[in-house]
Amino acid sequence: MLELNIKNETSKLRAVVLGSAINNGPTPKVEEAYDPKSLEHILAGTYPIEKDMVDEMEAFASVLKKYNVTVYRPEMIENYNQIFTRDIGFVIDDVFVKSNILPDRERELDAIQYIIDQIDHKKVVRPPEEVHIEGGDVMLWDNYIFIGTYKGSDYKDYITARTNMLGVQYIKDLFPNKIVKEFDLVKSKIEARDNALHLDCCFQPVGNDKGIIYKNGFREEADYLFLVNLFGKENLFHITRDEMYNMNSNVFSIDTNVVVSERNFTRLNNWLRENGFIVEEIPYAEIAKQEGLLRCSTLPLIRD
């Protein structure tokens, strides 16, 4: 049996599900785009090709294995995008939560069923149908659970709004001893530079007391100030609109002092090193064209 344990974003990683770009399928049609950044690249003819994405994911897998992490991969579905495992499920403490994702992505959960079968079935939950919640919006910080959401009355009109307030309430009910704090995120269907698809597109903790943040990803300044007060402004690396667009906050921690980052994130990577982190730089710019990066590609199962 898999003994799940995830209490934060940065403790030493022991086991993870890493997505796959193998047999990824053709470039989506315009009407099939899930987010404005993918749409942008479909229209421009710069949508990533499978070989480049496979190479990037293998570079990620090799770094994980270098640190003796057990790496699971989804079973292959032909002609299907299985890169972003963070969307389909997430672990809080020792509970595996299956996400209610967009209906046409349901098969992605089937592809990791062989892993879910190794978990105590009493520790696997699925929210009711009206509850929307995706792993990119759920971030653990010991006693805190941070959740990205969208509180606009036009929620149903936004394919980029992935976690609703029913999702926030579901987690509050499931973990009554945790402090659950929701963040109202900026959404756009047409401009990727103004779209925080998930919370990890505009914020992520690193190490024991630091974080990466994009102020304008939050609809309410009070939400941004909550994090500033919790972490301390001096401990937060503020990214620009273009850095948010390039997914600078979507790095991935293997340990409290080890961060996997995209090799082009020069300003961020220098800051991380200046603050004592080991930065494992890999190419991931092609996958970034789909408005997802390193954290989005992972579903951590066990940390110390």
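On a predicted model such as this, the values are computed, not experimentally measured, just so you know. Residues take numbers from 1 onward in each chain, read along the sequence in its written order. The predicted nature of this model means local features are confined to residues of pLDDT at least 70 and side-chain atom pairs, given and counted, to a pLDDT of 80 or more, with totals for whole chains, interfaces and linings taken over all residues. The basis for every side-chain value is the complete set of non-hydrogen atoms in the structure, without hydrogens or water.

Engineer: Hey, could you run me through the overall build of the protein chain in this one?
Structural biologist: Helix numbering and strand numbering both begin at the N terminus, where a helix is a DSSP run of H or I of at least 4 residues and a strand a DSSP run of E of at least 2. Secondary structure summary: the protein chain contains 8 helices and 15 strands in total. Relative to the 2.2 N^0.38 estimate, which gives 19 Å for 304 residues, the radius of gyration of the protein chain is 18 Å and therefore close to what a compact globule would have. Looking at the protein chain alone, contacts between residues at least 24 apart form 75% of all its contacts between residues at least 6 apart. Accessible surface area values rest on a Shrake-Rupley calculation with a 1.4 Å probe, where residue burial reflects the displayed protein chains alone. For the protein chain, the exposed area adds up to about 12,400 Å²; of that, 48% sits on carbon and sulfur atoms. Between the centroid of the 36 positive side chains of the protein chain and the centroid of its 50 negative side chains there is a distance of 3 Å. Radius of gyration: C-alpha atoms only; globule rule: 2.2 Å multiplied by the number of residues to the exponent 0.38. Contacts were defined at the residue level, with two residues in contact if any of their heavy atoms lie within 4.5 Å. The sign given to each residue is positive for Lys and Arg and negative for Asp and Glu; His and the chain ends receive no count. Charge coordinates come from a single atom per side chain, which is NZ of Lys, CZ of Arg, CG of Asp or CD of Glu.

Engineer: Looking at this structure, I do not really get the packing of aromatic side chains. What am I missing?
Structural biologist: Describing an aromatic ring pair means giving the distance of the ring centres and the angle of the ring planes. The pairing test for Phe, Tyr and Trp rings, Trp by its six-membered ring, is centres within 6.5 Å, and the orientation test on the planes gives stacked under 30 degrees, edge-to-face over 60, and tilted for anything in between. The full count for this structure, using the stated rule, is 11 aromatic pairs. Geometrically, the ring pair formed by Y144 and F146 is tilted, given 5.6 Å between the ring centres and 35° between the ring planes. Like Y144, the residue F146 is buried in the burial classification. The interplanar angle of 65° and the centroid separation of 5.9 Å between the aromatic rings of F183 and F218 together place this pair among those described as edge-to-face. Of this pair, F183 sits in strand 8 (residues 179–184) while F218 sits in the loop between strand 10 (210–213) and helix 6 (221–231), and the two are 35 residues apart along the sequence. Burial classes: relative accessible area under 20% of the type maximum marks a residue as buried, over 50% as exposed, and values in between as partly exposed (1.4 Å probe, protein chains only). On the basis of relative accessible area, F218 is assigned to the buried category, the value being 6%. Three or more aromatic residues joined by ring pairs form one cluster here, namely W141, Y144, F146, F183, F203, F218, F226 and F231. Cation placement over rings: the criterion is NZ of Lys or CZ of Arg within 6 Å of the ring centroid and within 35° of the ring normal. The ring of Y245 carries the charged tip of K37 above its face, separated from the ring centre by 4.4 Å. Cation over ring: K181 sits above F183, and NZ or CZ is 5.3 Å from the ring centre.

Engineer: So what exactly am I meant to see when it comes to the pattern of salt bridges here?
Structural biologist: Side-chain pairing between opposite charges can occur once the charged atoms of the two side chains come close. By definition, a salt bridge exists where a carboxyl oxygen of Asp or Glu is found within 4 Å of a side-chain nitrogen of Lys or Arg. In this structure the tally under the stated criterion is 21 salt bridges. Between D55 and K51 there is a salt bridge, with its nearest N and O atoms 2.7 Å apart. Of this pair, D55 and K51 both sit in helix 2 (residues 50–66), 4 residues apart, which is roughly one turn of the helix. Among the ionic pairs, R219 bridges to D184, the shortest N-O distance being 3.0 Å. Placement of R219 in the loop between strand 10 and helix 6 and of D184 in strand 8 is noted, with a sequence separation of 35 residues between them. Since its relative accessible area comes to 40%, R219 is described here as partly exposed. Overall, D184 belongs to the buried group, its relative accessible area being 4%.

Engineer: Would you mind showing me how to read the sheet that holds strand 3 (residues 89–92) here?
Structural biologist: Strands belonging to one sheet form pairs held by backbone hydrogen bonds; the direction of such a pair is parallel or antiparallel. A pair of strands is treated as paired once DSSP finds two or more bridges between them. The mixed open sheet is built from 3 strands, whose spatial order is 3-4-5. One side of each edge strand has no neighbouring strand; the edge strands of this open sheet are strand 3 and strand 5 (124–125). Sheet topology note: the strand 4 (residues 95–98)/strand 5 ladder contains 2 bridges and is parallel. Residue pairing across strands places V97 opposite V125, the latter belonging to strand 5.

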